[in-house]
Amino acid sequence: FYFGKTTSFDRQLFPACKIEVPERLTVSHETLVRTGLADRCVSVPVREATDAEILLAHSEEYLEAVKKTPYMSLEDLMEFTRQYGDVYFHPNIYHCAKLAAGAALQLVDSVMTGKVRNGMALVRPPGHHSMRSAANGFCVFNNVAIAAQYAKQKYGVQRVLIVDWDIHHGQGVQYCFEDDPSVLYFSWHRYEHQKFWPHLRDSDYDIVGKEKGAGFNINVPWNKVGMENGDYLSVFCHVLLPVAYEFCPDLVLVCAGFDSAIGDPEGEMCATPDVFAHLTHLLMNLAGGKLCAVLEGGYNLTSLVQSVCQTVQTLLGDPVPRPASLKSPCISALESLQCVRSAHKAYWSCLKHAGNHNRAFSRAFKGPEAGEEEEKDAEEKVWPEPPKRVTPPVCAALVLPDDVACPEGCECFSFSEDLDPLLASKLSDTSGFTQAVFGLLLPLGYEYDPGLVVLVRMPDSGVSDSLWQQLIGLLQSFALGHTLVVLQEEEKALIGLTASSLLGNPAASLKQLQAPLTEDTEAIEKLRHRLQADWKFLQTTGECSSITFEININIHRS
């Protein structure tokens, strides 16, 4: 694991922001040190990004203008700042912005060269709002956009997935790659039908990219505040993960903004810090485990620190906690989910079965008109501190035939008894199997919240070795990682691969997936529709929920 942080700058005498403060870094780093997480990480000194690297995502005119800021007077800095939106310039911000971008590049170097498996860079100023020729939203240089272009140029990376879970739309990243099919950009963000900053029509669900990049820009607008863990996980299961696996990235970059966590004054959401452990874990089997998280927002110092620690601990391979306070997705989240799936069904085979968006339904759940005020809860949010995550002596187990040697890294406890064979139904191909995993198995697992996962592999299952490894990795999202794997004697060749996955090693890539077979899609959808009345995490539209809601209201009124 790689850990890097940039320095802070002095706010005295210069225009200052009340929330994007140096303490965001210092408190996060101090907590990582105090909890012992920093000692488990490889800390690499940061460097400044070069002009050539910054120009990968910015214009020369803009770079030259920012270069002059260290020599400006206070009056000149204030005048310079006014031409941009919601950004604060300081004589030292050019140096800090170069360090922030350089830290992201150092992280990419470390991951791509195999020095570390994954990593996180704690940096400020953040970057995802910065555009080619303009600072914006506390951001000077677009750290993640530069990192993506850098990875493509230096390492020949063919496909980059950028996941932006910050609560604000990263329009700077979107504009940088909106016509580029080699970069898949996913962002969820507080939107409220364009009433929330940055108030852009371009942040809505039907903005899918341009020209060759059509379909490679995924916006999930949150049209209400108060989204919870279940809303986030539902979008991952039903949109991001299926598309990401079909895209098959060579590198995953995360715009890790924690203003989407509970207690943040900007986001006003209710997702607890432990959900970021799950979001991180679900991304770690993509791209052979090559994942780089770069800090963006996060302005409640308590939830920020907790979320950073949850992310770091997951990157280090510790078992993810059991999901806290997991409720079914709310109506507004399901409406956004339905809109996104409908908008992208033409571009991704995994979504071709998605229903069409009902615009009348969308209007029915639209927020207040311009000028109207929503009633907001003035009470300060209170949430329990995430439970301490401890790696148990035995987290996962393999049941092996008696004559098979114990794999390296594992400990043998006892010989197995004869096991009764289990019959397993099988899907016809890899695409159909992954569709079943994301559309059925993961949502059911999260809603059921098991205490133990038992995984049985039969010789005629039709599951490839790489898919088997992916399945093991994904299912370790549940039950604190407590997993029991049963292999038949004919499957001895899989013991090493299975043990490697149970030990937390990333799975091999599945390659770019083809369209699932029609019969597989029909079977999965038929089962999902039959189960979703009892298992709410299987829902992908808001119609069923709205009908129930209206019936309940009518009954109550009568």
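Structural notes, computed from the coordinates. Predicted, not measured: the structure shown is a model, and the values here were computed from it.

Calculation criteria
- In this convention, every chain numbers its residues from 1, walking through the sequence in written order.
- Since the coordinates come from a predicted model, pLDDT governs what is reported: local features require at least 70, and pairs of side-chain atoms require 80 or more to be given and counted, while whole-chain, interface and lining totals use all residues.
- To get the side-chain values, all heavy atoms of the structure are used, and hydrogens and water are removed first.
- Under the scheme used here, helices are H or I runs from DSSP no shorter than 4 residues and strands are E runs no shorter than 2 residues, and both carry numbers assigned from the N terminus.
- Buried, partly exposed and exposed residues are distinguished by accessible area as a fraction of the type maximum, computed with a 1.4 Å probe on protein chains only: under 20%, between the cut-offs, and over 50%, respectively.
- Contact definition: two residues touch when any of their heavy atoms are within 4.5 Å.
- Only the protein chains shown count as cover for residues, with accessible areas throughout obtained via the Shrake-Rupley method and a probe of 1.4 Å.
- Each residue after the first adds 1.5 Å to the expected span of a helix.
- At least two DSSP bridges between two strands are needed for those strands to be called paired.
- By convention, orient the strands away from the viewer: a clockwise path from the first strand over the helix to the second makes the crossover right-handed.
- Here an axis means a line fitted to C-alpha atoms, over the contact stretch when the element is a helix, while the angle between two N-to-C directions is reported on a 0 to 180 degree scale.
- Any angle between 65 and 115 degrees counts as roughly perpendicular, while under 35 counts as roughly parallel, over 145 as roughly antiparallel, and the rest as oblique.
- It is the rotation of the near helix from the far one that decides the hand of a crossing: anticlockwise by less than a right angle makes it left-handed, clockwise makes it right-handed.
- Salt bridges are defined by distance alone: a side-chain nitrogen of Lys or Arg within 4 Å of a carboxyl oxygen of Asp or Glu.

### A short note on the overall build of the protein chain
Assigned secondary structure in the protein chain consists of 17 helices and eleven strands. Out of the 558 residues in the protein chain, the part that is buried amounts to 56%. For the protein chain, contacts bridging at least 24 residues in sequence account for 81% of all contacts bridging at least 6. As displayed, the protein chain offers around 23500 Å² of accessible surface, 52% of which is attributable to carbon and sulfur atoms.

### Observations regarding helix α1 (residues 23-34)
If you check α1, its first and last C-alpha atoms are 16 Å apart, about what twelve residues at 1.5 Å a residue would give, namely 16 Å. The positive-phi residue at the C-terminal boundary of α1 is G36, with phi of around 85°.

### A look at the pairing of strand β7 (residues 251-256)
With six of six residues buried, β7 lies mostly within the body of the structure. On β7, burial covers both faces: L251, L253 and C255 on one face and V252, V254 and A256 on the other are all buried. Summarising the sheet, β7 and strand β8 (residues 291-295) pair through five bridges and their orientation is parallel. Bridge pairing links V254 to A293 in β8. Handedness of the crossover is the feature at issue here: the chain leaves β7, passes through helix α9 (residues 275-283), returns alongside β8, and the resulting connection is right-handed.

### Observations concerning the packing of helix α5 (residues 93-112) against helix α6 (residues 143-155)
At their nearest, the axes of α5 and α6 sit 9 Å apart, and the two run at 40° to each other. One element, α5, and the other, α6, form an angle in the oblique class. Every pair of crossing elements has a handedness; the one defined by α5 and α6 is right-handed. Contact residues: α5 offers A97, A100, A101, A104, L105, V108, D109 and M112, while α6 offers N143, I146, A147, Y150, A151, K154 and Y155.

### Overview of the pattern of salt bridges
On inspection of all chains with the given rule, the structure shows 21 salt bridges. For K67, the salt bridge identified is with D51, shortest N-O distance 2.5 Å. Linking K67 in helix α3 (residues 60-67) with D51 in helix α2 (residues 51-54), this pair joins segments that are 16 residues apart in sequence. Classification of K67 as partly exposed rests on a relative accessible area of 22%. For D51, a relative accessible area of 31% corresponds to the partly exposed category. With a closest N to O distance of 2.7 Å, R201 and D206 form a salt bridge. Its relative accessible area of 30% is what places D206 among the partly exposed residues.

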